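Working through the structure, step by step
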Amino acid sequence: LAPGQVVLDLGSGGGIDVLLSARRVGPTGTVYGLDMTDEMLALAQRNAEKARATNVHFLKGLIEDIPLPTASVDVVISNCVVNLSTDKPAVLAEISRVLRPGGRVGISDVVAEDHLSPAERAERGSFAGCVAGALSETEYRDGLAAVGLEDVEVRFTHRVADGMHGAIVRATKPV
């Protein structure tokens, strides 16, 4: 992240990633945190007040229907939230929609090896544990490409279960 950028954190929860991002984009940047629960939004707002962060905004909404204008964000981040959605194509389309040309996405998520079926993924863990709803590597790559993103990278970082990995997913919106 760089000074002056606009960042969106999908599924921001208590706001820690929003606050960390706010420091990096500085007073000329803006960070939005999107969450669907009033409890998490209230906690995030309290945390922002304690941190005296003035360049953050918390929004109530769904990651399948992001309440921001088209081409309004430089960077979309998310930490293990995309795989919780039951409509992942909508999430990926919304990420692409809100990104400015040249914008990028950086997602930390659980990703399945390509050979695992959805049923086999579910056998390895719960939906709430970010395992059962995981996309495969190819599904992530193809899904991001289908919404117009390029330079897609899925890098496994650590094993979560047999055939399931923590991963960093990156992509860029063409200029």
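Refer to the structure above for everything that follows.
Computed from a prediction, not measured in an experiment: that's the story for all the values here.

**Points about unusual backbone geometry**
Residues other than glycine seldom take positive phi values, yet Arg52 does so here, at roughly 55°. You can see Arg52 is positioned in the loop between α2 (38–51) and β3 (56–60). Of note in this structure, Ala71 is not a glycine but carries a positive phi near 55°. With respect to the helices, strands and loops of the structure, Ala71 is situated in the loop between β3 and β4 (73–79).

**Topic: the nonpolar core**
If you look at the biggest cluster of nonpolar residues, it comprises 28 residues, and the most contacted ones within it are Leu8, Leu10, Val76, Ile95 and Tyr140. Those elements that provide at least two residues to this core are β1 (6–10), β4, α3 (88–98), β5 (99–112), α5 (137–146) and β8 (164–172). When near neighbours in sequence (up to four residues on either side) are disregarded, Leu10 contacts Leu34, Ile63, Ile66, Val76, Ile77, Ser78, Asn79, Val81 and Ile95. Residues Ala22, Leu41, Ala44 and Val75 belong to the second largest nonpolar core, which totals 13 residues.

**Observations concerning α3**
Note on helix geometry: an α-helix contains 3.6 residues per turn, so any two residues three or four positions apart are oriented the same way. Counted residue by residue, α3 has 8 buried out of 11 residues, so it is predominantly covered. Along α3, the residues that are buried comprise Lys88, Ala90, Val91, Leu92, Glu94, Ile95, Ser96 and Val98. Among the structural elements, β1, β4, β5, β6 (135–136) and α5 are those in contact with the buried residues of α3.

**A look at α2**
The first and last C-alpha atoms of α2 sit 20 Å apart over 14 residues, in line with the 20 Å expected at 1.5 Å per residue. Within the span of α2, buried status applies to Leu41, Ala44 and Ala48. End-on view of α2: buried residues confined to an arc of 60°, all on one side of the axis. Facing away from the buried side of α2, by more than 90 degrees, are the exposed residues Glu39, Glu49 and Lys50. Buried residues along α2 sit in contact with α1 (16–25), β2 (30–35) and β3. Positioned one or two residues after α2, Arg52 has a phi angle of 55°, which is positive.

The rules behind the values
- Residues numbered from 1 in each chain as written.
- Predicted model: local features only at pLDDT ≥ 70, side-chain atom pairs only at ≥ 80, totals over all residues.
- Heavy atoms only, no water.
- Helix = DSSP H or I, 4+ residues; strand = E, 2+ residues; numbered from the N terminus.
- Core = buried A, V, L, I, M, F, W, Y, C linked by side-chain atoms within 4.5 Å.
- Buried < 20%, exposed > 50% of the residue type's maximum accessible area, 1.4 Å probe, protein only.
- Contact = heavy atoms within 4.5 Å.
- Expected span 1.5 Å × (residues − 1).
- Arc of directions from axis to C-beta.

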